[in-house]
Structure formats: structure tokens, C-alpha cells
Amino acid sequence: MGFVMEWISLVVHCISSVSYTISVNGSSSERFFPQRGLRQGDPLSPYLFLICTEGFFALLDSAVQMGNLRGVKVCRGSLAVTHLFFANDSIVFGEANEKGGRVLLDILRHYESASGQKINLDKSQWVGGQIQATSANSGMDKVSELIDQSTKTWKLDLISSRFTPLEVKTICCIPLLVYTSGDKLVWFADNSDMYTVRSGYRCLINLHINDSMDTDYTDFYKKIWGLNLSPKIRIAIWRFTKEFIPTTVNLFNRRINQSPICFSCGEVPKNFMHTLLICGLAKNVWQSIGVDWSNVNVNMDFYTWLKLVFQNSRHDFSEIAATAAWALCIIKEMRELNDKIPAREITMNPIWKPPQEPSVKVNFDTAFKITSRYSFSGFIIRKNRGLVMGSETIFNKFVSNSFTAEAIACLQALDFAREMNFTHVQMEGNSRTTIVKIKQVLPDFSDMGTNIEEIKIKASSFQRISFHHVDQ
């Protein structure tokens, strides 16, 4: 562990110089020296134990950093637990397969050789299985027990006493409908909460990627995220390695373009390397900054090429290469866009338009903070001459996302107009998603669907009402 010999000699002297006597029937025995280390209860013992345990912890932490030891999580978003240390016992968590077992055995053997201690396998136990998280909600039979039926709100005190803080925030972010509505099944992997083949395919792809991701890929992408560059450049490089970029070949394969021919040189590229490294002035740019082209061939993909650059170059040069790749792609896209997009006149956004009498116009908007799940709703009511009839801001807790925050603002603005006894109302907001969902006839199964349904119900109480989208 790197201790100097003087310190080690001092600790050994403390252990070997101590002597003991045993009191038998009131008489002390002869003095003797221990031959097998410290006895239990010696004040020096726990400190030496902590030092040895620190070495074991360093081996486990090194395995975690290298991706060999993953640990377990009790829920999504929680920290991974790799070990628990007690006075004379240790629990290590890992993958319950052959690879996980080998990793743990290698760590134990390394610890034995470094510390001189021997693991007692007869007193050790291997346990395989899955971790099941158990919440402190025993005795709960129905979700309705957590809802105040008189106010149609969550019983925050009861929920806080039976669930973890993360679970409390997640539960309270679920909107409750004031009017009676039946339960419904929703699909978690799509914003519409309805199953589609596309969303199911994404789930399968993500599972395949997580299962097949090896250490080589992990180390490579750690280097990308570790570059001292703007996030948009790092994300662009990640997209390049996956070829998530609208090249002529990709657009042709997806049947968006009629031809795969490159706009710059008129050739048919074989892969993404042509677009970013070979076409036009790109190759001259790379050669001018000192990139070695001896290992490049037409069949090499961008991931393999960039991996060679990272391996054979300094860290600061890797940042230069990544920036050059991003800049070349931006320049190429701008050239193609200039040829495709016609010039247009710049028009200013229209000013506020007054409503027709006897209607009033209600403008609503919201501000949402994702870290705390808070939102602020703001709305104002004006007549046709711009006279302000009323305005208000409301602070909201436990809001799941920005779309739900917009729907809540619209709902609260609707309640405000109804409290002021207006019967002819024009609702106007800058959330196109909210306005579209309010106007559609089909039921909405998204997170904001409960609020949308309540808006439709309350809107029916007005003699005349309309919903409009306006740019911000």
C-alpha cells in the first residue's frame, strides 16, 4: 500500500513488544509475549483493520472504474452498491455469472498476496439471485388510500411516511383528475404512452446495446466524453461514430434522396469516411494538421479511424482532430443547405390581436424547473381594447415535465376565467403540443393526458370557447 519501512517497523514494534499476564484466582501468571498478532480488544487493532480494509476497498474501486465490477442498484437512478464492510465480515455484490465470479476471485487473490491474509472459503458463501426492492408501504391495499377524495389531491404526509423521497416525488407528479375516470394501460417507452412498433424496436435495440457493450467501446466513449470541448462537439463525434448523420448514402438507403451521389465531388461514397475525411478539401485539412493517413483505407469506418487517432496522439491533439471533424461536417452541411433553401423575407412575429366582442382573450404560459419538478403558471385576461381584466401567477409542485406544466397553466387559466364569470373566451398559448392535444378527438394517454381531459370537460361549461397557438 506504499507505506515507508520506518512506519512499518514502528507498527511491528508496537505489536511485538507488548506483553500480557493472566489473572487466575487473584494471582497473576508469568508475563508472556503474543506470537499471533494482536488480541481482541487491543486499542491498536481497529486502526490496523481499517488500513487493511482500505486496501481491499481500493481493489474493488479499481475494478469498478475499469468496468469489471458493476454492483447492484435497488432502483433506477440510484447509486450502485459494490460492497458492505462490517467489523469482521464483508459483503461484495457483483454479476451472478462466470465472469463476475472470476473478477471477484482475482480481487481476493490479489488482496491475499498483498496483505498476507488468507480468505477462509469454508466460512465464505456465494449467493446468486436478483435484488428485490421493498418499499415501506406494507399494509397498503389500494392506491386510492393515498388520495384525498374530497380535494382530489395526494395525501403528502401519508405518502412521505411510507415511501422514499424519490418515490414521493414520482408519485406526487402523477396528475389526478377531478372528475371520475376509469383506469387505463399506458406504454412507458413513448411520449404518447401508446405502443408503436417503432418504440418497441427502440427498446430491443437499447437492450442489445447494453448487453453487448464491451470494455473496448466503453473506454473509447469515455475518451470522447472526457475531451475538453463543447458538449455539442462531443455529441457530434458520438453521432459520427454511429453514422447518425444525414449523408447522401444514408438518405438514399432510407429512401429520402433519389441518388447517393455526393453533391461536392459527384462520386458515390462507400461509407461515412468519404464524407468527412476524403471528399473535397477534407483530406488536405487533415494532412495540414498532421493526421497520419498511412493506416486509412476505403473500407475503414470512422470509429476505427478515430480510435487509431486517439491511440497514437496526445490528448490535446485528439481534441484538435475532434474539432476539425465537427467543423468539416458543419461546413459541408451549410454548403448543401445554401444550395437547397431559397432566400426568404424575414417577417416579424405578429403583435397581440384583440378578441372579437363579447369575448375576452386569455394568454397563458409557464416556467418549468426540471431539477426540482416545480413550475410557475402565469396568465392574463384582456378585452378587445387591451384592457386588463385580471392576471395571476401560481406556483406548482410535483410537475413531471414541461408539457405537463403547459397543460397545468392552461387548466389554471381556464379556472381563473370561469371564476371571473366570463362566458366567451379565447385561450391562447405558445405550446403547440397542448393546443393540438386539446383539439384532437382521440383520447390522450401521455403524462399530460389527465390535464387535457379535465380541460375539455371544463371548457364545455363556457358558452363559447376556442383554443389557439401563438409563437412566443
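What counts and how
- Residues numbered from 1 in each chain as written.
- Predicted model: local features only at pLDDT ≥ 70, side-chain atom pairs only at ≥ 80, totals over all residues.
- Heavy atoms only, no water.
- Helix = DSSP H or I, 4+ residues; strand = E, 2+ residues; numbered from the N terminus.
- Buried < 20%, exposed > 50% of the residue type's maximum accessible area, 1.4 Å probe, protein only.
- Contact = heavy atoms within 4.5 Å.
- Areas by Shrake-Rupley, 256 points an atom, 1.4 Å probe, with all protein chains shown as cover.
- Pairing = 2+ DSSP bridges.
- Axes fitted to C-alpha atoms, helices over the stretch in contact; angles between N-to-C directions.
- Polar contact = N/O pair within 3.5 Å; in protein donor to acceptor, adjacent residues only side chain to side chain.
- Core = buried A, V, L, I, M, F, W, Y, C linked by side-chain atoms within 4.5 Å.
- Phe/Tyr/Trp six-rings, centres within 6.5 Å; stacked < 30°, edge-to-face > 60°.
- Lys NZ or Arg CZ within 6 Å of the ring centre and 35° of its normal.
- Expected span 1.5 Å × (residues − 1).

Asker: What's the story with the overall build of the protein in this structure? I'm lost.
Answerer: The number of helices and strands found in the protein is 16 helices and eleven strands. Taken over 472 residues, the protein has a buried fraction of 31%. Here the analysis covers contacts within the protein between residues at least 6 apart in sequence; of these, 56% occur between residues at least 24 apart. In the form shown here, the protein has an accessible surface area of approximately 31900 Å², with 55% of it arising from carbon and sulfur atoms.

Asker: Any chance you could explain the sheet that holds strand E9 (residues 388-396) here in plain terms?
Answerer: Adjacent strands of a sheet form backbone hydrogen bonds with each other and so pair up, either parallel or antiparallel. Read across the sheet, five strands follow the order E9-E8-E7-E10-E11 without closing on themselves; strand pairing throughout is mixed. Edge positions in the sheet fall to E9 and strand E11 (464-469), since each has one partner strand and no second. Within the sheet, the average angular offset between the axes of one strand and its neighbour, ignoring direction, is 15 degrees. Sheet analysis places strand E7 (residues 360-369) next to strand E10 (residues 424-429), joined by five bridges and oriented parallel.

Asker: Any chance you could explain the side chain of Ser431 here in plain terms?
Answerer: Looking at the element boundaries, Ser431 is found in the loop between E10 and helix H15 (432-439). Within the structure, Ser431 has its side chain in polar contact with the side chain of Thr434 (distance 2.9 Å). Every residue in contact with Ser431, bar those within four places of it in the chain, is listed here: Glu406 and His469.

Asker: Is there a simple way to think about the nonpolar core in this case?
Answerer: One broad rule of soluble globular proteins: the nonpolar side chains tend to lie buried together. Residues Ile237, Phe240, Leu276, Trp286, Phe302, Trp305 and Leu306 are the most contacted members of the largest nonpolar core, which totals 28 residues. Secondary structure elements with two or more residues in this core: helix H7 (215-225), helix H8 (231-242), helix H10 (272-278), helix H11 (282-288), helix H12 (302-312) and helix H13 (315-340). Counting 24 residues, the second largest nonpolar core, distinct from the first, contains Ala417, Val425, Ile435 and Ile452.

Asker: Before we go on, may I ask you to explain the pairing of E9 in this structure?
Answerer: Residues in a regular strand project their side chains so that they alternate between the two faces of the sheet. The pairing of strand E8 (residues 374-382) with E9 spans eight bridges and is antiparallel. Looking at E9, one finds that Phe376 is bridged to Phe395. Counted between consecutive antiparallel strands, the loop separating E8 from E9 contains five residues, among which Gly386 sits at a positive phi close to 90 degrees.

Asker: Explain the packing of aromatic side chains here, please?
Answerer: For any pair of aromatic rings, the description rests on two quantities: the centre-to-centre distance and the angle between the ring planes. Per the stated rule, a full pass over the model turns up five aromatic pairs. Pairing Phe56 with Phe85 gives two aromatic rings, centres 5.6 Å apart and planes at 20 degrees, and the pair type is stacked. Placement of Phe56 in helix H2 (residues 45-65) and of Phe85 in strand E3 (residues 83-85) is noted, with a sequence separation of 29 residues between them. Overall, Phe56 belongs to the buried group, its relative accessible area being 8%. Classification of Phe85 as partly exposed rests on a relative accessible area of 26%. With a centroid separation of 5.0 Å and 75 degrees between ring planes, the pair formed by Tyr374 and Phe395 is classed as edge-to-face. Taken together, the positions of Tyr374 in strand E8 and Phe395 in strand E9 put the pair 21 residues apart, joining distant regions of the chain. Judged by relative accessible area, Tyr374 falls into the partly exposed class, the value being 34%. Positioned above the aromatic ring of Trp352, the side-chain terminus of Arg382 is 4.4 Å from the ring centre.

Asker: So what exactly am I meant to see when it comes to the environment of Arg239 here?
Answerer: Its location among the elements puts Arg239 in helix H8. A residue is classified by how much of its surface remains accessible, and Arg239, at 31% relative accessible area, is partly exposed. If we ignore the near neighbours within four places in the chain, the residues touching Arg239 are Phe244, Ile245 and Pro246.

Asker: Please clarify how helix H14 (residues 402-419) should be interpreted in this entry.
Answerer: Residues spaced three or four apart along an α-helix point in a common direction, a consequence of the helix completing one turn every 3.6 residues. Taking 1.5 Å per residue, 18 residues should reach 26 Å; H14 reaches 26 Å between its end C-alpha atoms and fits that length. H14 sits mainly inside the fold: 14 of its 18 residues count as buried. Where H14 begins, the side chain of Asn401 points an oxygen toward the backbone nitrogen of Phe403, at a separation of 3.2 Å.

Asker: Which parts of the structure should I look at to understand the side chain of Thr404?
Answerer: Relative to the assigned elements, Thr404 resides in helix H14. Within the local environment of Thr404, its side chain forms a polar contact with the side chain of Ser400, the two groups lying 3.2 Å apart.

Taken by themselves, the reported measurements are silent on function.
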